[in-house]
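Coordinates in review
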Amino acid sequence: GEAADGYEAGEVTMVPSQVTVKGPTSLIGQISSVGIRFNIDGAVADVSGTATPEYFDANGNVLSDLGDSVKTVGGDVSYTMQILKVKEVPLDFDVSGEVADGYRYTGPKTDIKSVSVAGLKTDLASVSTITIQGPSLNVQGATKDVECEIDLDDYLPSGLTIVGLDSTTINVTLQVEKLTEKTFTVKPENVTLNGKNSSYSYTVEDTKMEVKVQGLEEDLSSLSASKMNIRVDVSGMGLGEHTATAQLQLGDAYKMLSAPAVTVRVSEHGSSSAQTTESTESNRGDTDSQSSSNRESGASSAKENVDAESG
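Residues numbered from 1 in each chain as written. Predicted model: local features only at pLDDT ≥ 70, side-chain atom pairs only at ≥ 80, totals over all residues. Heavy atoms only, no water.

Observations regarding the environment of phenylalanine 184
Examined against the element boundaries, phenylalanine 184 turns out to sit in strand 14 (residues 180-186). On the basis of relative accessibility, which here comes to 6%, the residue phenylalanine 184 falls in the buried class. Separated by 41 residues in the primary sequence, phenylalanine 184 and alanine 225 have C-alpha atoms spaced 6.4 Å apart. For phenylalanine 184, the contacting residues outside a window of four places in its chain are Met209, Glu210, Val211, Val213, Leu220, Leu223, Ser224 and Met228. (Helix = DSSP H or I, 4+ residues; strand = E, 2+ residues; numbered from the N terminus. Buried < 20%, exposed > 50% of the residue type's maximum accessible area, 1.4 Å probe, protein only. Contact = heavy atoms within 4.5 Å.)

Right, dumping it as structure tokens:
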């Protein structure tokens with residue numbers, strides 16, 4: 001039978017551990033091994049008992065027709081089999097070294113990401129991962145994938161065994177990818193100005209700026225200027241035009257190669273409308289002065305005409 005789901009048959013202890021068989025030479029010659037059979041179906045704890053030894057041929061078949069002429073000296077055998085708890089445990093690959101400049105290590109690739117481990121409950125309780133490390137897991141100076149072969153048995157804590165695998169040796173690929181560069185266009189609306197003075201107005205004069213970023217091609221395809229959190233500190237800017245280097249928040253997946261220079265114009269609130277009002281008042285004063293002058297000139301001409309008629 002089979003132990004209960006989540007459990008696995010462990011080591012068996014038998015007393016005695018070996019027996020003597022007596023009988024005719026022709027019959028004894030047919031015996032390849034002597035063993036016992038017992039049932040562990042559905043077991044969740046160690047199984048113990050006694051069983052009568054049986055004889056097996058080279059193919060593992062029971063030799064049931066040897067008759068009473070073949071006997072085992074010592075009688076029945078006592079047995080105890082451990083029933084081990086099974087736990088699914090992820091594999092953790094501890095990779096060392098730095099890849100070549102312009103490349104990035106992107107992680108291990110393997111068909112097996114976790115294994116079923118059998119052991120006593122007390123031994124399993126402290127195991128949450130199986131850490132794989134060693135000189136073969138190294139990407140120093142790599143410009144392409146690194147292939148390595150790992151025997152998981154070498155990294156198991158004492159008292160634990162791997163179950164459910166035909167082989168404990170697995171192949172691991174340490175993936176190394178080339179980095180690419182991409183230039184993004186930054187518009188004024190993508191720039192946030194921090195530290196504004198409420199008495200001033202601020203305008204980004206540039207209509208088009210650029211930022212160059214390095215990263216994996218797949219990551220760069222999902223990046224845009226609006227996601228970069230581009231900002232300029234204007235807290236120390238007085239009236240006039242200023243140029244400052246923008247600060248970006250890109251995340252660990254990216255490396256900024258060049259940041260945009262941003263031109264910011266600082267002016268007083270309402271300065272343009274005040275100039276317009278002043279100009280309008282000046283024009284109105286000139287018009288009034290000219291009208292007054294015309295009236296005075298007209299009055300003088302009329303007086304001269306009256307004097308001429310009187311003469």
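Describing the packing of aromatic side chains
Under the counting rule described, the total for this entry stands at two aromatic pairs. Centroid distance phenylalanine 38 to tyrosine 79: 4.0 Å. Interplanar angle 10 degrees. Geometry classified as stacked. Of the two residues, phenylalanine 38 sits in the loop between strand 3 (33-35) and strand 4 (47-51) while tyrosine 79 sits in strand 7 (residues 77-96), which places them 41 residues apart along the sequence. Residues tyrosine 200 and tyrosine 202 carry aromatic rings whose centres are separated by 6.5 Å and whose planes lie at 65 degrees to one another, so their mutual orientation is edge-to-face. Under the relative-accessibility criterion, tyrosine 200 is labelled partly exposed at 23%. (Phe/Tyr/Trp six-rings, centres within 6.5 Å; stacked < 30°, edge-to-face > 60°.)

Observations concerning the pairing of strand 15 (residues 191-194)
Burial of strand 15 is one-sided: the residues Val191 and Leu193 facing one way are buried, the residues Thr192 and Asn194 facing the other way are not. In this structure, strand 15 lies alongside strand 18 (residues 230-233), joined through four bridges in parallel fashion. Bridge pairing in strand 18 links valine 191 to isoleucine 230. (Pairing = 2+ DSSP bridges.)

Remarks on the sheet that holds strand 17 (residues 209-215)
Backbone-to-backbone hydrogen bonds pair the strands of a sheet. The strands run either parallel or antiparallel. Within the open sheet, the three strands sit side by side as 14-17-20. Their pairing is antiparallel. One side of each edge strand has no neighbouring strand; the edge strands of this open sheet are strand 14 and strand 20 (254-258). Neighbour-to-neighbour, the strand axes of this sheet turn through a mean angle of 35 degrees, independent of strand direction. For strand 14 and strand 17, the ladder comprises seven bridges, and the chain directions are antiparallel. Residue pairing in the sheet places threonine 180 in a bridge with glycine 215 of strand 17. (Axes fitted to C-alpha atoms, helices over the stretch in contact; angles between N-to-C directions.)

Overview of the side chain of threonine 263
Here threonine 263 shows up in strand 21 (residues 261-268). Of the residues examined, threonine 263 reaches a relative accessible area of 13% and is grouped as buried. Sequence-distant contacts of threonine 263, defined by excluding residues within four places in its chain, comprise Thr203, Val204, Glu205, Asp206, Glu241, His242 and Thr243.

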